[in-house]
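Results of the structural survey
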Amino acid sequence: REDLRDLPLVTIDDEDARDFDDAVYAVPDDTPDNAGGYRLIVAIADVANYVRPGSALDKAASQRGNSVYLPDRVVPMLPEALSNDLCSLRPDEDRAILACHMRIGADGNLLEHRFSRALMRSAARLTYRIAQRAHDGETGALPEGFDAGILERLYAAYGCLKKARKQRGTLELELPEYKVIIKDAKVSHIGTRERLGAHQLIEEFMIAANVAAAEALEAKRAPCMYRVHPPPDPAKLEALRDFLYTFGLTLARGQVIRAGQL
């Protein structure tokens, strides 16, 4: 395994997360031809290191199909010794990972990538709220002794990725995510999860890693399954045209409507 234990990879999750599946790292790219660009690493727990094809663990996981997330607990697909321990990227503990190493330009476009099986040692377990508060100037929110520069480099790289997102014309659907609050084994109330820049940071890092993974699989001519969203329903598009017309806006007819236009 490639030894990445000296790099300050960090996990950023919800306050109530029970295991930490992925970690991120960013540093300015030092190559002369990529001014303003960044080197990124997205690491995920190397579950395949423990769950071998055809093994008892593999068969049991196959029968369960997936982990089940309930408001106050998780029924894991794999034994807790794996899901909450060996495959959880806890701070200051050596963990086996699959790492995606990427270079992005100042415009956020993916320049190159490679994958490695590696060993990491998480520098901190951050929450979305702590990361955002620290980025907004509350340095006291960070764990004692944690270098705030690690987080600022992540946000700077995220700034580049946001440029590429805007260029792609991605739909920004900021819909509320609901959270069930349990108290004394009963539903206390239903609230909404706070949506922060830190959430989007992790999402953009994961999208970049997924693009890199797809390119790597295609280069190997390996079987790869994609989720393709169908085009909008023509009747709904027509209704949208009528609605937009009341604001003096037009939606072109007779052409494929893309997300950027919407």
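Residues numbered from 1 in each chain as written. Predicted model: local features only at pLDDT ≥ 70, side-chain atom pairs only at ≥ 80, totals over all residues. Heavy atoms only, no water.

1. Digging into the pattern of salt bridges
- The full count for this structure, using the stated rule, is 24 salt bridges.
- Taking the shortest distance from any N to any O, the salt bridge between Glu112 and Arg103 comes out at 2.9 Å.
- Residues Arg193 and Glu177 are paired through a salt bridge, measuring 3.3 Å at the closest nitrogen-oxygen approach. Of this pair, Arg193 sits in the loop between β11 (186-192) and α5 (197-219) while Glu177 sits in the loop between α4 (148-168) and β10 (178-183), placing them 16 residues apart in sequence.
- Classification of Arg193 by relative accessible area gives partly exposed; the value is 26%.
- By sharing partners, the salt bridges in this structure join Asp29, Asp30, Asp33, Arg39, Arg103 and Glu112 into a single network. (Salt bridge = Lys/Arg side-chain N within 4 Å of Asp/Glu carboxyl O. Helix = DSSP H or I, 4+ residues; strand = E, 2+ residues; numbered from the N terminus. Buried < 20%, exposed > 50% of the residue type's maximum accessible area, 1.4 Å probe, protein only.)

2. Here we look at the packing of helix α3 (residues 128-135) against α5
- Look at α3 against α5: their axes get within 8 Å of each other, and the N-to-C directions meet at 110°. Classified by the interaxial angle, the pair formed by α3 and α5 is roughly perpendicular. Every residue of α5 that contacts α3 at Tyr128, Ala131 and Gln132 is listed here: Gly197, Ala198, His199 and Ile202.
- Taken together, the residues of the contact of α3 with α5 sort by class into four nonpolar, three polar and no charged. (Axes fitted to C-alpha atoms, helices over the stretch in contact; angles between N-to-C directions. Parallel < 35°, antiparallel > 145°, perpendicular 65-115°, else oblique. Contact = heavy atoms within 4.5 Å. Nonpolar A, V, L, I, M, F, W, Y, C, P; charged D, E, K, R; others polar.)

3. Looking at the nonpolar core
- Within the largest apolar cluster, 34 residues are counted, with the highest numbers of intra-cluster contacts made by Val10, Ile12, Leu40, Leu151, Leu154 and Phe205.
- Among the elements of the structure, β2 (10-13), β3 (22-28), β4 (38-45), β7 (94-104), β9 (124-127), α3, α4 and α5 are those that each provide at least two residues to this core.
- What Leu154 contacts, discounting residues up to four positions off in sequence, is Val10, Ile12, Val24, Tyr25, Ala26, Leu201 and Phe205.
- In terms of nonpolar packing, the next biggest core, distinct from the first, is built from 18 residues, Ala45, Leu82, Cys87 and Met120 among them. (Core = buried A, V, L, I, M, F, W, Y, C linked by side-chain atoms within 4.5 Å.)

4. Examining the packing of aromatic side chains
- Enumeration according to the criterion identifies one aromatic pair in this entry.
- With centroids separated by 5.2 Å and ring planes inclined at 75°, the aromatic side chains of Phe243 and Phe247 adopt a geometry described as edge-to-face.
- With relative accessibility at 55%, the residue Phe247 sits in the exposed group. (Phe/Tyr/Trp six-rings, centres within 6.5 Å; stacked < 30°, edge-to-face > 60°.)

5. Some remarks on the side chain of Arg95
- Of note, Arg95 is situated in strand β7.
- At a separation of 3.0 Å, a polar atom in the side chain of Arg95 contacts the side chain of Asp85.
- A polar side-chain atom of Arg95 sits 2.6 Å from a polar atom in the side chain of Glu93. (Polar contact = N/O pair within 3.5 Å; in protein donor to acceptor, adjacent residues only side chain to side chain.)

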